[in-house]
Amino acid sequence: MYGASDPAAAERTAFRRAEKQYKLYKLPNLKGRSRSRSKPAGVEGGGGDLSAVVDFHALLAGDGELPAGIGRCDCAGFDRPVFCFLDRPGFYFIPGALSTEEQCYWIRESLKTFPQPPNRTNLTAIYGSISDLFIAAKNQKILVEVENPDVQEKNEQNNGGKPRSKNFKFVDDSEIQKGADCRSTTATTLVRKLRWSTLGLQFDWSKRNYDVSLPHNKISDALASLAKNMAIPAMPSGEEFKPEAAIVNYYGPSDMLGGHVDDMEADWTKPIVSISLGCKCIFLLGGKTRDEVPTAMFLRSGDIVLMAGEARECFHGVPRIFTESDHQEISALVSQLYGLLAEYTGSKWHLE
């Protein structure tokens, strides 16, 4: 449930007020360029006062009693610390679930492998099937519109058999004839525009359902194993989690994910396994309506959130991504992935 029947009413809800409280706004600078900045604390829509944001990493490091409403979960066969909210049954927070090495591996996979066809991305509807996007960006390739039956056939296969009127391919700058009238865009620009990719069964955003007719690959064994192992706290004893689909969200410096409920899956008894990679963010967990005041918490790279049972019906979202001076916490990731991140995008990403 991503939309609201009455947008004006949605603006007045408790969830929307929380989004405005933590959102990072863009303010113009003296040269006319926009820059992201939080308004001072106490100013509506500031994002400056973070005192009410739950920090599970700080709770994990502390020796004192847990704040009211927060508990620790003891899960048989699971060796990592797990936190929960007592008034949100089915919600589990696993801080630091992934090591730095594991985070680096999955960041590389999310950038290089996950956007590969037949997986669809937000770019597919415009440009068709795009292979090796990040390699093209590294080699400073340019995507140009072409007339090529082979390219058209490939794009039709990745578009559910529907013909496309436009087809594109990557070329070197030297291959573009001067004065030629053709639509083109750099691979680097496309990387910066990448916002989501779908793995396994493909999600059709226009119809808001899973389209089993679209070409797709199974979730990789490595990702399925990770999800199965991390879902243990949210699964009934003796049952294993077997993922069939995933949606990977890529966030830029000022992006946000509005409050919503993931209600498109047929079986709500199985949990959502959400993996965070890259920059720290604020995650909002609300109730079954937008009128319930949400709880804000920090999500850091390597954290995992599980939402099962009643928590599947709760509104949630990401109003704020921390960037620029907030990279100290992920310095180990930046040092290992500098070539990948700086060469391709110049920014960090958050994957869910």
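Residues numbered from 1 in each chain as written. Predicted model: local features only at pLDDT ≥ 70, side-chain atom pairs only at ≥ 80, totals over all residues. Heavy atoms only, no water.

The name that an unreviewed UniProt entry assigns to the protein is Fe2OG dioxygenase domain-containing protein, with the source organism given as Urochloa decumbens. Taken verbatim from the UniProt record of the protein, the Sequence similarities (unreviewed entry) comment is "Belongs to the alkB family." (UniProt positions renumbered as here; feature names shortened; annotations may be inferred.)

Caption draft 1: Molecular detail of the side chain of H260. Following the sequence through the fold, H260 ends up in strand β13 (residues 257-260). One polar contact links the side chain of H260 to the main-chain carbonyl oxygen of G258, over a distance of 2.9 Å. (Helix = DSSP H or I, 4+ residues; strand = E, 2+ residues; numbered from the N terminus. Polar contact = N/O pair within 3.5 Å; in protein donor to acceptor, adjacent residues only side chain to side chain.)

Caption draft 2: Region of the structure containing the UniProt feature "binding site: Fe cation" (unreviewed entry) in the protein. Following the UniProt record, the feature "binding site: Fe cation" (unreviewed entry) maps to H260, D262 and H316 here. In summary, the annotated positions, though distributed over 57 residues, converge in three dimensions, the widest C-alpha pair being only 8.9 Å. Along the chain, the position of H316 falls in strand β18 (residues 316-321). Residues within four places of H316 in sequence aside, it is in contact with F15, G258, G259, H260, V261, D262, F283, L284 and M307. Of note is the side chain of H316, whose polar atom sits 2.9 Å from the side chain of D262. (Contact = heavy atoms within 4.5 Å.)

Caption draft 3: Seen up close, unusual backbone geometry. Residue P118 is reached from P117 by a cis peptide bond, and omega for that bond is 10°. Relative to the helices and strands, P118 resides in the loop between α4 (100-113) and α5 (124-127). A positive phi angle, near 55°, is found at D132, a position not held by glycine. You can see D132 is positioned in the loop between α5 and α6 (133-138). Its identity is not glycine, yet Q140 carries a phi of approximately 55°, on the positive side.

Caption draft 4: Representation of the pattern of salt bridges in the model. Overall, the coordinates contain seven salt bridges when judged by the stated rule. With its nearest N and O atoms 3.4 Å apart, the salt bridge here joins R80 to D79. Relative accessible area serves as the criterion here: at 30%, R80 is assigned to the partly exposed category. The residue R88 makes a salt bridge to E292 at a minimum N-O spacing of 3.4 Å. Of this pair, R88 sits in the loop between β4 (83-85) and β5 (91-94) while E292 is found in the loop between β15 (281-285) and β16 (295-299), placing the two residues 204 residues apart along the sequence. Judged by relative accessible area, R88 falls into the buried class, the value being 14%. (Salt bridge = Lys/Arg side-chain N within 4 Å of Asp/Glu carboxyl O. Buried < 20%, exposed > 50% of the residue type's maximum accessible area, 1.4 Å probe, protein only.)

Caption draft 5: Just the sheet that holds β18, in detail. With antiparallel pairing, the four strands of this open sheet are ordered in space as β13-β18-β15-β16. With one partner strand each, in any of the chains shown, β13 and β16 form the two edges of the open sheet. Each neighbouring strand pair of the sheet contributes to a mean axis angle of 25°, computed without reference to strand direction. Sheet analysis places β13 next to β18, joined by two bridges and oriented antiparallel. Each bridged residue has a counterpart across the sheet, and for H260 the counterpart in β18 is H316. (Pairing = 2+ DSSP bridges. Axes fitted to C-alpha atoms, helices over the stretch in contact; angles between N-to-C directions.)

Caption draft 6: Quick look at the pairing of strand β6 (residues 142-146). The element β6 is largely enclosed, with a buried count of four among its five residues. Across five bridges, β6 lies against strand β7 (residues 167-171) in antiparallel orientation. In the sheet register, V144 faces β7, and the bridge partner there is K169. As judged from the three bridges shared by β6 and strand β8 (residues 184-186), these two strands associate in the antiparallel manner. Counterpart to L143 in the pairing with β8 is T185.

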